[in-house]
Number of protein chains: 2
Amino acid sequence: MNIENLSCNKSFGGWHKQYSHRSETLNCDMRFAIYLPPQASGNQKVPVLYWLSGLTCTDENFMQKAGAQRAAAELGIAIVAPDTSPRGDNVADDEAYDLGKGAGFYVNATEAPWNRHYRMYDYIVNELPELIEATFPVSQQRAISGHSMGGHGALMIALRNPERYCSVSAFSPISNPVNCPWGQKAFSAYLGTDVQRWREYDASVLMRDAEQTVPALVDQGEADNFLAEQLKPEALDAAAKAREYPLELRRHEGYDHSYYFIASFIEEHLKFHADYLSR
Amino acid sequence: MNIENLSCNKSFGGWHKQYSHRSETLNCDMRFAIYLPPQASGNQKVPVLYWLSGLTCTDENFMQKAGAQRAAAELGIAIVAPDTSPRGDNVADDEAYDLGKGAGFYVNATEAPWNRHYRMYDYIVNELPELIEATFPVSQQRAISGHSMGGHGALMIALRNPERYCSVSAFSPISNPVNCPWGQKAFSAYLGTDVQRWREYDASVLMRDAEQTVPALVDQGEADNFLAEQLKPEALDAAAKAREYPLELRRHEGYDHSYYFIASFIEEHLKFHADYLSR
């Protein structure tokens, strides 16, 4: 597999690195970042937390702003941060921030012009972990987390692939995309008008019908401007209660949608994942 | 004093806030950020760490990337991050990244066109602390720290004002600006050709002649691209040894000039300052 190192920074005794590679799934060159804790070496494989970012983000936002490397170094967990959409001059885009580049929504698009590149679901579930596990000193113990659009992605992907992930968490996820403006706009464009196909990518729908479970932690700020219209954690909560799904949903007074919120609680998420990754 | 709140994010139980105010010293509107830990309240004043950023930065880089709020919240220290130069359409600038806006070098410029606005020394030493101490629940216990150009600023300001600061620290400071290209370019423009005036703003020169001392901690990465040509910690080290100045200079293998380095050691700097701020 062809992979090119773009940058390398020592961080908390481990290494933050950015790579470029050719994605067959997405039919374009993609960048991702990995944090390798000091425990990772040729002799010791460490588990991996996949982090899915929100609208407009790249691999950089989480790595620069979340303050996660400190706890990852302590706990011996690698973190992989992919980009949020296919990229490049040939990739379809839209002027809006919530469609096209930076807004892949972690689905496999079926509609033109998006279906040429926008297959982020397959990329995150299959191609990227295969590349990571073939390239770096990591085990096949995987956890997944994300923020906002990426919180939707993390929950949805874990719910559809419970055998692949030890645990899942999310900050401020788009919990019920079929019922909010961001989700309806993106799913209309990427998946077409058949709402039944949208439901395959909706965490609240999937949780209600889940056969297997993945331990789940969700944090939501009460001062988040997107809470009522876009995020709808109450839908996820209702699904968890109906299914008796192992979801811990925490609401935090005063916190907003920003990385200051994520930074404040990322250590707790990493410890939550470490608990399941070490079993 | 006229001050306008621009943003507000809850962070580790405290608050990150950005403000705009009219600076009389700089003759323009300025933005700064403050982190108020949960301990700060009408009844309890907390000490303040002033953070001076490097070339091209604003108040945002440190607050978003250093991961400092966690330790500041634990230790009960406020952090103030000013901008790195005067700002605005009327302010003189240069096309280069290392002169003009984003590159104030914390001096009082004497040369045209810079002397209309570039008085960052007076702003950091006098006007900003006066505003902070009149506006927020903070004490007059002050520490100062910074990175690169801001490391120069922190050391130089503490050395010239030992009665105003309990402690000083720096990451990758420009330690001997009169002897490096960044310093020579900026000091020529801002201060003119008389090298004797440059020396008033050079930490290595000031430390060698210091009458009073301020406990000092400096961290330097060994893989820093600017180390040999621009930073010259050996000059500071020699000055400290000649003067028996209380400087701890630490060199760290593998670390570069980035915020990943700062994040890795910022907790140790905050604990260093907390030790002196609480005396």
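Residues numbered from 1 in each chain as written. Chains lettered and ligands numbered in written order. Predicted model: local features only at pLDDT ≥ 70, side-chain atom pairs only at ≥ 80, totals over all residues. Heavy atoms only, no water.

Help me understand the pairing of strand β1 (residues 3-11) of chain A, please; the structure alone is not making it clear to me.
If a strand is regular, its side chains alternate between the two faces of the sheet. All names here are of chain A. Relative to strand β2 (residues 14-23), β1 runs antiparallel, the two sharing 8 bridges. Looking across to β2, one finds that C8 is bridged to K17. The turn linking β1 back onto β2 is made up of 2 residues, and F12 within it adopts a positive phi angle of 55 degrees. (Pairing = 2+ DSSP bridges. Helix = DSSP H or I, 4+ residues; strand = E, 2+ residues; numbered from the N terminus.)

Can you walk me through the sheet that holds strand β5 (residues 78-82) of chain B in this structure?
Backbone hydrogen bonds are what pair the strands of a sheet, in a parallel or an antiparallel way. Residues and elements named next belong to chain B. A sheet is described by the order of its strands in space; here 9 strands give the open sequence β1-β2-β3-β5-β4-β6-β7-β8-β9, paired in mixed fashion. Edge strands, defined here as strands with exactly one partner in the open sheet, are β1 (3-11) and β9 (247-252). Geometrically, the sheet is characterised by an average inter-axis angle of 20 degrees between neighbouring strands, direction not taken into account. For strand β4 (residues 46-52) and β5, the ladder comprises 3 bridges, and the chain directions are parallel. (Axes fitted to C-alpha atoms, helices over the stretch in contact; angles between N-to-C directions.)

Before we go on, may I ask you to explain the environment of R208(B) in this structure?
All names here are of chain B. Position of R208 among the secondary structure elements: in helix α7 (residues 203-208). C-alpha of R208 to C-alpha of Q39: the two residues are 169 residues apart in sequence and 38 Å apart in space. Setting aside anything within four residues of it in sequence, one finds R208 in contact with A238, A239, A242 and R243. (Contact = heavy atoms within 4.5 Å.)

I keep staring at the pattern of salt bridges and nothing clicks. Help me out?
Oppositely charged side chains can pair when the atoms bearing their charge come close. The tally for this structure, following the rule as stated, stands at 32 salt bridges over all chains. Across the pair E267(A) and R70(A) runs a salt bridge whose closest N-O atoms are separated by 3.5 Å. Here the residue E267(A) occupies a position in helix α10 (residues 259-277), and R70(A) occupies one in helix α2 (residues 69-75), the gap between them amounting to 197 residues. Note on E267(A): relative accessible area 21%, which makes it partly exposed. Given a relative accessible area of 15%, R70(A) falls into the buried group. Notably, a salt bridge pairs R250(A) with D219(A), separated by 2.6 Å at the nearest N-O pair. Placement of the pair is R250(A) in strand β9 (residues 247-252) and D219(A) in strand β8 (residues 216-221), with a sequence separation of 31 residues. What makes D219(A) buried here is its relative accessible area of 0%. Salt bridges linked by common partners bring R70(A), E74(A), E267(A), K271(A), R70(B), E74(B), E267(B) and K271(B) together as one network. (Salt bridge = Lys/Arg side-chain N within 4 Å of Asp/Glu carboxyl O. Buried < 20%, exposed > 50% of the residue type's maximum accessible area, 1.4 Å probe, protein only.)

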